[in-house]
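# Topology and contacts: notes
Okay, here's what each chain looks like letter by letter:
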Amino acid sequence: MAAPRANAIQIVRPPDNVKTDLPEKPKKDATQRLCRNVLIYGTCRFEQSCPYYHPPPGTDPLTAPSTAPVASPTKTSLSAHATPFASPETKGPSLSTISGLGAEHLAAPVFVPKTAMSDTSSSPAPLPSTTPVSTEWANAAPFSPPSDGMPSMQQHQQHPPLPQHQQHQHQHGIGYDEGLGFEPQSGMEGSMFMPPAQRRLPEYHMYTGPLPHLAPGRQPMHSFFIPDDTRRMIHSRQEATFANPGISQGLPAEVHVYHSLVPLGNPATMNNVSRMFHHPGPVYRATSTVDGNVYCLRRLEGYKLSNENAFAAVETWRQIRHANIVGLREAFTTKAFNDNSMVMVYDFHPESTTIAEEWLNPDAIAHRRQAGVPIPERIVWSYVIQIANALKAVHTAGLAVRCLDANKILITGKNRVRINGVGILDVLSFDKKTPMGLYQQEDLLNFGQLVMSLCADFFQPGHAQSVAQGLEYIGRAYSLDLKNLVGYLLGKPTALKTIDEVLRLAGPRILNELDALQAYNDTLESELGAEVENGRVARMLIKLGFINERPEFEMDPQWSESGDRYVLKLFRDYVFHQVSPDGKPVVDLSHVLTVLNKLDAGARSREKIMLVSRDSQSCLVVEYRDIYKCIESAYNELRNAGKAMRR
Ligand SMILES: Nc1ncnc2c1ncn2[C@@H]1O[C@H](COP(=O)(O)OP(=O)(O)OP(=O)(O)O)[C@@H](O)[C@H]1O
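The structure presented is a predicted model; accordingly, all values stated were derived computationally and were not measured. (Residues numbered from 1 in each chain as written. Predicted model: local features only at pLDDT ≥ 70, side-chain atom pairs only at ≥ 80, totals over all residues. Heavy atoms only, no water.)

## Points about the sheet that holds strand S4 (residues 294–301)
Reading across the sheet, the six strands line up as S1-S2-S3-S4-S6-S5 and stay open at both edges, with antiparallel pairing between neighbours. Each edge of the open sheet carries a strand with a single partner, namely strand S1 (254–255) and strand S5 (328–334). Pairing between S1 and strand S2 (residues 258–263): two bridges, direction antiparallel. Paired with Glu254 across the bridge in S2 is His259. (Pairing = 2+ DSSP bridges. Helix = DSSP H or I, 4+ residues; strand = E, 2+ residues; numbered from the N terminus.)

Given below as structure tokens:
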């Protein structure tokens, strides 16, 4: 058994120039105050000589009646006395009211737990959730009653210096990697542990994993971050949006309000005459000087405006915003390419391809034939429903797509399709005489041919025999529903043939699509949830970064090392600089994320952690809410000073 240490550990408060306005509360008589050893370790080995109150064996000091002489942690905690904490409510403007692009964005809405935390302020003695202690704690030197009159830190009873690694192992106790269970170490007495209910993670700790049905067998660590495939997809889209492959030679520096043109699609065929538009129709990515966004410019070479009214349809198309249509933004004529060109500006969908490139290229067809597997029906129905949805919106707006073709359906995401090139033929082949109903019938026919060519790759549009063979093949390889739908679309145009009827035929398949979309939505929301938490942690880290190690503030080189900021320095060590028993750095991401997340959610958290000075000569037992206040106070100080300078 370790003897009590001769050099009693002094709890040292660093120099603090900030004077508190809080009135000091009268100290209770030592015999009326709960022994810290009991509070933290469960027992006091020096009960005979210790001047503090020791509850009778078997009594839980923290659940003792309020009349019992139990010292509430509220009264002995760092925050209770002489702490110059500035509450965000009382000092400086409310963080959430600040707007702009400055550091004020760090002020995420403060999370206020709705559950048990709400009444902790009035409860007599909430339970600290610092968890297990080791046998080393049991052998620790007892605290000594404070001998001088330091106002705040003295309220913490003294404990032996606790190496950071012990804090890591025993205060924090468990990491996410290790699961939430807790196994007492052998040789530790049961009485040394909090009852199980008190050891669980607090309810305000927000780092929840994904929904169980969304991540069976997923590694816990991965649930902290966005999954690899989603991350890769987002990165490659960002790269496709902003990377400059350096192939812009020969292109004008600016076209209307667009600059930084980069050709899209296959460079070998981009200057070919478009099969759909009968003009060479290269496509470019370009950045707008107006809003800084990236757009897709389709240039139609050799266009001569013959009728001013030709552009009238563009205005109607501009109004259509639909999930399955590539949005048309504007159209203009230009000589910037040293010719007469018309440019149609569309929303840019990075990394997109077309149905033709994806499914109808010779390699894909050969592969399917070799494998004897057609395109899965689920995918065909998904395309059918999305395109039908787009057609419904277009026809309802009194327009027609007029270019429904596998080359003009963009695949912009997982099974996500959008009709591309809308409005071009309205301008190029401006013709007021043909009724729109005829074009709409043409849309339905094109739709049928598109579905047929996906299901039966030998299909040749316009050949009656090919249609019959195709339908017969669909009848064998796919469901009767699909065959009926294609048959309907390829049937003779009549007034009764409408997109509404197509939707009716698709009927229950629409529900499947809805189901799949909602499941995908759930997945994305769950991933977003983890990122929200990461965002909060990032804000907390940025705030700490503003404060920790600041060379000077208001002519005070000691600012970041004194007062509240000293607590933050120790807290930073607690988060990042823990070491294992053999002195090796503990690089435990789950510890960092958990602690920072608790801190961000900790405006009212009574959970305690122990911070130890670098020389291990002093320690502080602080609640998360105190550290939270320290950060808010110091950060507001910096922010207000920064604002005053800007004025
Ligand atoms: N709005 C857009 N956003 C992003 N990329 C696009 C967009 N529109 C087209 N693209 C890219 O440009 C490529 C070429 O598209 P385009 O419509 O010109 O196809 P195409 O096969 O050349 O058609 P066609 O010769 O029949 O006119 C597409 O594969 C796609 O990668």
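## With respect to the pairing of S5
Across six bridges, the pairing between S5 and strand S6 (residues 341–347) is antiparallel. Counted as the bridge partner of Thr333 is Met342 from S6.

## Re the sheet that holds strand S7 (residues 353–354)
What the three strands build is an open sheet, ordered S7-S8-S9; its pairing is antiparallel. The strands lining the two open edges of the sheet, one partner per strand, are S7 and strand S9 (416–419). Pairing analysis gives two bridges linking S7 to strand S8 (residues 409–413), with the strands arranged antiparallel. Of the residues in S8, the one forming a bridge with Thr354 is Leu410.

## As for the site of the ligand
Taken together, 18 residues surround the ligand, and among them Ser274, Arg298, Glu357, Lys408 and Asn420 come closest. At 2.7 Å from an oxygen atom of the ligand is found a side-chain nitrogen or oxygen belonging to Arg298. Within the side chain of Asn407, an N or O atom sits 3.4 Å from an oxygen atom of the ligand. A total of 620 Å² of accessible area belongs to the ligand in isolation, and the protein chains cover 87% of it. (Near = heavy atom within 4 Å. Polar contact = N/O pair within 3.5 Å; in protein donor to acceptor, adjacent residues only side chain to side chain. Areas by Shrake-Rupley, 256 points an atom, 1.4 Å probe, with all protein chains shown as cover.)

## A short note on unusual backbone geometry
A positive phi angle is found at Asn338, which is not glycine, with a value near 65°. On the secondary structure map, Asn338 appears in the loop between S5 and S6. Judged by relative accessible area, Asn338 falls into the exposed class, the value being 75%. Although it is not a glycine, Glu549 adopts a positive phi angle of roughly 60°. Within the fold, Glu549 resides in the loop between helix H15 (499–547) and helix H16 (564–576). Taking relative accessible area as the criterion, Glu549 reaches 46% and is therefore assigned partly exposed. (Buried < 20%, exposed > 50% of the residue type's maximum accessible area, 1.4 Å probe, protein only.)

## Some remarks on helix H13 (residues 464–477)
Compared with an ideal rise of 1.5 Å per residue, which puts 14 residues at 20 Å, H13 spans 20 Å between its outermost C-alpha atoms and is within 8% of the ideal. Buried residues along H13 sit against helix H12 (436–455) and helix H14 (480–490). (Expected span 1.5 Å × (residues − 1). Contact = heavy atoms within 4.5 Å.)

## Here's the deal with the nonpolar core
In terms of nonpolar packing, the biggest core is built from 70 residues, with Met344, Ile355, Ile387 and Phe447 touching the most fellow members. By residue number, the principal contributor to this core is helix H10 (residues 377–396), which donates eleven residues. Filtering out sequence-adjacent residues up to four positions away, Ile355 remains in contact with Leu360, Tyr383, Ala406, Ile409, Ile411, Val417, Leu450 and Leu454. Counting 30 residues, the second largest nonpolar core, distinct from the first, contains Tyr566, Leu611, Val622 and Tyr624. (Core = buried A, V, L, I, M, F, W, Y, C linked by side-chain atoms within 4.5 Å.)

## Some words on the environment of Glu301
Mapped onto the fold, Glu301 is located in strand S4. For Glu301 and Ser341, which are 40 residues apart along the polypeptide, the C-alpha to C-alpha distance reads 4.6 Å. With residues near it in sequence (within four places) discarded, Glu301 still touches Asn271, His279, Pro280, Pro282, Asp339, Asn340 and Ser341.

## Looking at the pattern of salt bridges
Per the counting criterion, the structure on display carries 24 salt bridges. A salt bridge links Glu623 to Lys608; the nearest nitrogen and oxygen atoms lie 3.6 Å apart. Of this pair, Glu623 sits in strand S11 (residues 619–623) while Lys608 sits in strand S10 (residues 608–612), and the two are 15 residues apart along the sequence. Glu623 gets classed as buried once you look at its relative accessible area, which sits at 0%. For the salt bridge of Glu623 with Arg625, the shortest nitrogen-to-oxygen distance reads 2.7 Å. By the burial criterion, Glu623 is buried, and Arg625 matches it. Look at the salt bridges and you will find they share partners, linking Arg606, Lys608, Glu623 and Arg625 into a network. (Salt bridge = Lys/Arg side-chain N within 4 Å of Asp/Glu carboxyl O.)

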